[in-house]
Amino acid sequence: MKNGKRHLVVVAGGAGFVGSHLCDALLADGAHVICIDNLLTGRKQNVRHLEREPRFDLIETDIIDPIPQRISRSGKGKIDFVYNLACAASPPHYQADPEHTMMTSVLGSRNLLRLSERTGARFLLASTSEVYGDPEAHPQRETYWGNVNSIGPRACYDEGKRAAEALTFDFARAGRADVRVARIFNTYGPRMAADDGRVVSNVVTQAVSGRDITVYGDGSQTRSFCYVDDLVRGLMALMRHDGPLPGPVNLGNPNEMTVSELVELVLEMTGSASAVVRRPLPVDDPRRRRPDITRAKELLGWAPSTDLRTGLKATIAWFAAEHERSKARSGV
Ligand code: NAD
Ligand code: UDP
């Protein structure tokens, strides 16, 4: 809401983990939200609580296909903002159909950029720290060009996002759209899919269900985990920032830790007796990752405020409730 005007906002990927939290925050801010999603990795359940919300529409469509005209001609006024979060984000999911992943980033972003061009909406791409690949620079600043294996099994995602960034800045250079690019670092929280294969969802699900905890490699690789509410606040701040931007903006929590340290913390917080088992390190798995968030701090006044224990507590409670629900469904 700005000067009493209700924003009309498109959220592609709005039924996913981050997208559904973004929809909630935008609605709480008074916006009308059109969520578009093909439900590939997202779930209706993530937005079921919005079913009766008159300021929320869910349109099931694939962003690779032409964007349905009823979105730009909804009769609800001019679209103000287009957030593109649509893309499977966990390695097992984005590698399941690499061609579709690549096309989602390239053709899907092009379709949404063209929607923005036609409607005069501001566009935000949810890019990723994966554009830095297995980084030689540490921590990663936006000026680092990255170290990506362009032909490996992660390339459909990494190179897809890099191409989407290129296209986004081409639209900006040509004056065709006003754009923002967020480079998102590992984010966790309630509504991650239990089966999506990422480390936080895997480890917490394994701990609360008493199954073995899988550590890939020797567990010494590092990540920096950001709580979803902090990320959503950063995405909205970036989208609303009216001044000039020098390029993409890292959004993440600089609190870096090894995978083994994360596992120890989850075991301690859940009191789980799960055993830890080693599995092979996936190909091209980055050795370390930590964002430099100076740009976000200086330009947007943004920094994460949720410490890992607080974020994990909410996440563990959510996965524990999911586990009970699934036990009840299967009659165990
Ligand atoms: P997610 O898989 O939960 O959400 C992605 C959503 O996009 C899902 O609802 C899915 O159904 C939808 N989708 C996928 N392909 C689509 C297509 N072709 N057309 C329409 N909808 C499609 O993942 P997430 O963690 O919520 O990630 C959201 C965005 O943020 C993604 O673009 C991801 O690349 C980016 N990101 C996330 C993280 C993270 O740690 N969660 C880190 C870096 C970047
Ligand atoms: N990982 C792990 N056990 C798991 C899932 C992941 O040890 O059950 C490791 C993975 O190899 C990587 C890190 O945890 O080093 C983060 O993996 P995730 O898929 O969450 O994110 P990404 O690799 O995309 O940063």
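Residues numbered from 1 in each chain as written. Chains lettered and ligands numbered in written order. Predicted model: local features only at pLDDT ≥ 70, side-chain atom pairs only at ≥ 80, totals over all residues.

- By the naming in an unreviewed UniProt entry, the protein chain goes by NAD-dependent dehydratase and is assigned to Alsobacter soli.

### What to know about the site of ligand 1
Reasoning step 1: In the vicinity of ligand 1, 27 residues are found, and the nearest of them are Gly13, Gly16, Val18, Thr41 and Gly42.
Reasoning step 2: Only helix H1 (17–28), helix H4 (98–119) and strand S5 (122–128) provide two or more residues apiece to the shell around ligand 1.
Reasoning step 3: Counting residues per element, the shell around ligand 1 draws most heavily on H1, which supplies three residues. (Near = placed C-beta within 6 Å. Helix = DSSP H or I, 4+ residues; strand = E, 2+ residues; numbered from the N terminus.)

### Quick notes on the environment of Ala317
Reasoning step 1: Structurally, the position occupied by Ala317 is in helix H10 (residues 308–330).
Reasoning step 2: Taking the number of C-beta atoms within 10 Å as the measure of exposure, Ala317 has 13 and is therefore partly exposed.
Reasoning step 3: Separated by 113 residues in sequence, Ala317 and Val204 have C-alpha atoms that sit 9.7 Å apart. (Buried ≥ 20, exposed ≤ 12 C-beta atoms within 10 Å, placed from the backbone.)

### Quick word on helix H6 (residues 199–209)
Reasoning step 1: Where burial is concerned, most of H6 is hidden: ten out of the eleven residues are buried.
Reasoning step 2: Among all positions in H6, only Val199, Val200, Ser201, Asn202, Val203, Val204, Thr205, Gln206, Ala207 and Val208 are buried.
Reasoning step 3: Next to the buried residues of H6 lie strand S7 (187–188), strand S8 (213–216), helix H8 (259–270) and H10.
Reasoning step 4: Just beyond H6, the residue with positive phi is Gly210, at close to 75 degrees. (Contact = placed C-beta atoms within 7 Å.)

### Some words on the UniProt feature "domain: NAD-dependent epimerase/dehydratase" (unreviewed entry) in the protein chain
Reasoning step 1: Taking the UniProt record as the reference, the feature "domain: NAD-dependent epimerase/dehydratase" (unreviewed entry) is found at residues 9–252.
Reasoning step 2: Within residues 9–252, the helical portion is 36% and the strand portion 19%, while the C-alpha atoms at the span's ends are 23 Å from each other. (UniProt positions renumbered as here; feature names shortened; annotations may be inferred.)

### Let's talk about the sheet that holds strand S4 (residues 81–84)
Adjacent strands of a sheet form backbone hydrogen bonds with each other and so pair up, either parallel or antiparallel.
Reasoning step 1: If you trace the seven strands from one edge of the open sheet to the other, you get S3-S2-S1-S4-S5-S6-S11, paired in parallel fashion. Of all strands in the sheet, those with a lone pairing partner are strand S3 (56–60) and strand S11 (249–251), marking the two edges. When strand polarity is set aside, the average angle formed by the axes of neighbouring strands in this sheet is 20 degrees.
Reasoning step 2: Taken together, the seven bridges between S5 and strand S6 (residues 178–184) define a ladder with parallel strand orientation. Each residue of the ladder has a partner; that of Thr128, found in S6, is Ile184.
Reasoning step 3: The strands touched by H4 are strand S1 (8–12), S4 and S5; relative to S4, the strand with the most contacts, the crossing angle is about 175 degrees. (Pairing = 2+ DSSP bridges. Axes fitted to C-alpha atoms, helices over the stretch in contact; angles between N-to-C directions.)

### What about the packing of H6 against H8?
What describes two packed helices is the angle between their axes and the distance between those same axes.
Reasoning step 1: With their axes 10 Å apart at the nearest point, H6 and H8 run at an angle of 35 degrees to one another. At the point where H6 passes H8, the crossing takes the right-handed sense. Contacts between H6 and H8 involve Val199, Val203, Val204, Ala207 and Val208 from the first element and Val259, Leu262, Val263, Val266, Leu267 and Thr270 from the second.
Reasoning step 2: For the contact of H6 with H8, a count of residues per class yields ten nonpolar, one polar and no charged. (Left-handed = near helix turned anticlockwise from the far one by under 90°. Nonpolar A, V, L, I, M, F, W, Y, C, P; charged D, E, K, R; others polar.)

### Here's the deal with the site of ligand 2
Reasoning step 1: Taken together, the neighbourhood of ligand 2 is formed by 15 residues, with Arg198, Val199, Asn202, Thr214 and Tyr216 sitting nearest.
Reasoning step 2: Counting only elements with at least two residues in the shell around ligand 2, the list comes to H6 and S8.
Reasoning step 3: The dominant element in the shell around ligand 2, judged by the number of residues it contributes, is S8, at three residues.
Reasoning step 4: In the shell around ligand 2, the residues fall into seven nonpolar, five polar and three charged.

### A short note on helix H7 (residues 228–240)
Reasoning step 1: Here H7 is 13 residues long and its end C-alpha atoms lie 18 Å apart, about the 18 Å a rise of 1.5 Å per residue gives.
Reasoning step 2: By the criterion of burial, H7 is predominantly enclosed, with ten of the 13 residues buried.
Reasoning step 3: Every buried residue belonging to H7 is among Val228, Asp230, Leu231, Val232, Arg233, Gly234, Leu235, Met236, Leu238 and Met239, and all of these are buried. (Expected span 1.5 Å × (residues − 1).)

### As for the nonpolar core
Reasoning step 1: Ranked by internal contacts, the top residues of the largest apolar core, which has 87 residues, are Val10, Val11, Cys35, Tyr83 and Leu235.
Reasoning step 2: Ranked by the residues each element gives to this core, the list is headed by H7, at seven residues.
Reasoning step 3: Filtering out sequence-adjacent residues up to four positions away, Val10 remains in contact with Ile34, Ile36, Ile71, Ile79, Val82 and Tyr83. (Core = buried A, V, L, I, M, F, W, Y, C linked by C-beta atoms within 7 Å.)

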